Amino acid sequence: MLRDLWGNAEEFLRAFGALQLFFLRLLASIPRVLANRFRLVIYQVYNAGALSLVIILVCGFFVGAVLGLQGYRNLAQFGSEDALGAVVALALIQELGPVVSALLFAGRAGTALASEIGLMRATDQLSAMEMMAVDPIRRVVVPRFLGGVVAMPLLSAIFIMIGIFGAYLVGVGLYGVDLGAFWGQMQDTVVNSDIYESFIKAFVFGVAASLLAVWEGYSAIPTAEGVGRATTRTVVITSIVVLILDFIITAFAVN
Amino acid sequence: MIFDDLSLDIPRGKVTAIMGPSGTGKTTLLKLITRQLLPDRGQINVAGQELAELSQRHLYALRKRIGILFQNGALLTDLSVFENVAFPLREHTMLSPSLIRHVVLTKLHAVGLRGAATLMPAELSGGMARRVALARAIAMDPEIIIYDEPFVGLDPISMGVIVRLVRQMNDALGISSIVVSHDVAELSHVADRSFLISGGKVAASGSPEDLSATPSDLVQQFMNGMADGPVPFHYPAPDYAEQLLGGDEQS
């Protein structure tokens, strides 16, 4: 059993090292991609961002609406339902916006990236590029990575806004919370550092989710089973990594 | 070990066939020639350059002089036929859009698919996809063109088209061609010289006629498509009777 454990640890360390090398290679290619292939990056922002909008809008709305329902019920016990706007906004900005968007992003855009790149590997498209003296890291991987990194904070911001709107409809529209109090308390409570924290989280999650997706796709075993496994791993590993990173960033922000 | 003491010279300007039974390492040999793989030992010299010593920049410079046709075509599925052929030109040249259009249409015309320029790869048949891939492989006017199993899975008409194109490209453009395949009949139409590889070594070489005349059992088995011989029909297995009578054990 010890040997198995050691074997697993060794395998994990090897994969982690390979991922780091891959990340460094990717970072080194970014300036040239931005200079020569900017249009590809824009297209990938559209691909990862605009095409994830529906799921972000729908989920954001309902998460906000549920926060409105639950928040009102709990706050009403203390007679402080006027604070609903502040509570909802803080929860969405500090935590739910970046985290839930990142999880949705992993499910929608991450899986698409991993399976697309994995299939390109399986159908020799990446080898064909290499044989045409085109570096697939620059042509395929970096634009998709950057697209995800740019799209994630935008998606998170949209998620937060639509979530607040959902809570507003429930709180003000349904339960009759005072309109002025809803927005006023929100304005008084939310400070710039909350916004920064939210942005940093969304950005870091965007880097992690995009990196893991392109890595899983790029290193997928080039078979139907291998691509399927890479796609599943993308969601599972991204979810775990996002929640761990969330803890770390929050711990720093709180202190 | 896949190859052991393998040595072969591929002449310039000719069509050279590399044949061998499945699993003998033909595709691996192609990967070695294009440095998708590095050998543990030995030297590979392409167009006067020692592959193992090339930096990535020099390797890419060399690869621009080589066209390769993958087994499945390996067209970029998110680009149209036109854009697939234009891909290497857009990546490596500063040609104006009108010139690129001209070159692409010329190459597509050469493979008979000028009319399919706007189609996407998913809309092509297997034979058409391979012809587009061929047009892409010659887009940069390479000195060497490598065909990996170009006849696999094609109907007789498409196969005839590809056979004719291989020969034409070679003669008209003066390209050195390497064709890896196990289609003995098709290869005998196009190849100037053939190598038969088996067991990690060159088992026989020469013109198709030379190979047919080679007395070796292995060569005869391969050239005449016999099911059993030096390349056994059965994958190594324990004794048949013993295994049948050995009860429920799988192994």
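Quick summary incoming for the structure in this document. (Residues numbered from 1 in each chain as written. Chains lettered and ligands numbered in written order. Predicted model: local features only at pLDDT ≥ 70, side-chain atom pairs only at ≥ 80, totals over all residues.)

1. Examining the overall build of chain B
Part 1: A count of helical and extended segments in chain B gives 10 helices and eight strands.
Part 2: C-alpha extents for chain B along the principal axes are approximately 70 × 40 × 40 Å.
Part 3: Here the analysis covers contacts within chain B between residues at least 6 apart in sequence; of these, 64% occur between residues at least 24 apart. (Helix = DSSP H or I, 4+ residues; strand = E, 2+ residues; numbered from the N terminus. Contact = placed C-beta atoms within 7 Å.)

2. Section: the overall build of chain A
Part 1: Looking only at helices and strands, chain A has nine helices and zero strands in total.
Part 2: In chain A, the order of α-helices and β-strands from amino to carboxyl end is α-α-α-α-α-α-α-α-α.
Part 3: Counting only C-alpha atoms, chain A reaches 65 × 50 × 35 Å along its principal axes.
Part 4: When each of the 255 residues of chain A is scored for burial, the buried share is 45%.
Part 5: Across chain A, contacts joining residues at least 24 apart in sequence account for 87% of those joining residues at least 6 apart. (Buried ≥ 20, exposed ≤ 12 C-beta atoms within 10 Å, placed from the backbone.)

3. So, the interface of chain A and chain B
Part 1: Contact residues are listed per partner, giving nine residues for chain A and 15 residues for chain B.
Part 2: Classifying every residue of the side of chain A that touches chain B by side-chain character gives five nonpolar, three polar and one charged. (Nonpolar A, V, L, I, M, F, W, Y, C, P; charged D, E, K, R; others polar.)

4. Things to note about the pairing of strand 7 (residues 193-198) of chain B
Residues and elements named next belong to chain B.
Part 1: Counting buried positions along strand 7 yields five of six residues, so the element is predominantly enclosed.
Part 2: Across four bridges, the pairing between strand 1 (residues 15-19) and strand 7 is parallel. Bridge pairing in strand 7 places Ala 17 opposite Ser 194.
Part 3: Counting the residues that bridge the hairpin from strand 7 to strand 8 (residues 201-206) gives two residues, and of these Gly 199 lies at a positive phi of roughly 60°. (Pairing = 2+ DSSP bridges.)

5. Points about helix 3 (residues 81-92) of chain B
Part 1: Those residues of helix 3 of chain B lying buried are Val81(B), Phe82(B), Asn84(B), Val85(B), Ala86(B), Phe87(B) and Pro88(B).
Part 2: Residues of helix 3 of chain B that are buried make contact with helix 4 (97-110) and helix 5 (126-137) of chain B.

6. Focus on helix 2 (residues 38-48) of chain A
All names here are of chain A.
Part 1: For helix 2, the full list of buried residues reads Val 41, Gln 44 and Ala 48. Summarising the axial view, the buried residues of helix 2 lie within an arc of 60°, below the 170-degree limit, and thus occupy one face. The exposed set on the far side of helix 2, more than 90 degrees from its buried face, consists of Arg 39 and Tyr 46.
Part 2: Those residues of helix 2 that are buried lie in contact with helix 1 (2-36), helix 4 (84-122) and helix 6 (136-174). (Arc of directions from axis to C-beta.)

7. Structural notes on the environment of Ile160(A)
All names here are of chain A.
Part 1: The residue Ile 160 is located in helix 6 in this model.
Part 2: Judged by local crowding, Ile 160 falls into the buried class, with 27 C-beta atoms found within 10 Å.
Part 3: C-alpha of Ile 160 to C-alpha of Ser 198: the two residues are 38 residues apart in sequence and 9.8 Å apart in space.
Part 4: Contacts of Ile 160, omitting those with residues within four sequence positions, involve Leu 92, Ile 93 and Gly 97.

8. Thoughts on the environment of Asp194(A)
Residue and element names in this part refer to chain A.
Part 1: Secondary-structure assignment places Asp 194 in helix 8 (residues 192-218).
Part 2: When the C-alpha atoms of Asp 194 and Gln 94 are compared, they prove to be 6.1 Å apart, with 100 residues separating the residues in sequence.
Part 3: Beyond its immediate chain neighbours, meaning those up to four positions away, Asp 194 contacts Leu 90, Ile 93 and Gln 94.

9. Some details on the pairing of strand 1 of chain B
Each regular strand carries side chains that alternate between the two faces of the sheet.
All names here are of chain B.
Part 1: Within strand 1, five of the five residues are buried, leaving the element largely enclosed by the surrounding structure.
Part 2: Because side chains alternate across strand 1, one face comprises the buried residues Val 15, Ala 17 and Met 19, and the other comprises Thr 16 and Ile 18, equally buried.
Part 3: As paired strands, strand 1 and strand 6 (residues 176-180) are joined by four bridges and run parallel to one another. Among the inter-strand pairings, Ile 18 is bridged to a residue of strand 6, identified as Val 180.

10. Points about the packing of helix 4 of chain A against helix 7 (residues 179-189) of chain A
What describes two packed helices is the angle between their axes and the distance between those same axes.
All names here are of chain A.
Part 1: Running from N to C, helix 4 and helix 7 cross one another at 50°; their axes reach a closest spacing of 6 Å. Overall, the two elements helix 4 and helix 7 adopt an arrangement that is oblique. Relative to helix 7, the crossing made by helix 4 is right-handed. Each of Leu 84, Gly 85, Ala 86, Ala 89 and Leu 90 in helix 4 lies in contact with helix 7, whose residues at this interface are Phe 182, Trp 183, Gln 185, Met 186 and Thr 189.
Part 2: Tallied by class, the residues present in the contact of helix 4 with helix 7 amount to seven nonpolar, three polar and no charged. (Axes fitted to C-alpha atoms, helices over the stretch in contact; angles between N-to-C directions. Parallel < 35°, antiparallel > 145°, perpendicular 65-115°, else oblique. Left-handed = near helix turned anticlockwise from the far one by under 90°.)

11. Side note on unusual backbone geometry
All names here are of chain B.
Part 1: For Arg 35, which is not glycine, the phi dihedral falls at a positive 55°.
Part 2: Locating Arg 35 in the fold gives a position in the loop between helix 1 (26-33) and strand 2 (45-46).
Part 3: Arg 35 gets classed as partly exposed once you count the C-beta atoms within 10 Å, which come to 19.
Part 4: Its identity is not glycine, yet Glu 149 carries a phi of approximately 45°, on the positive side.

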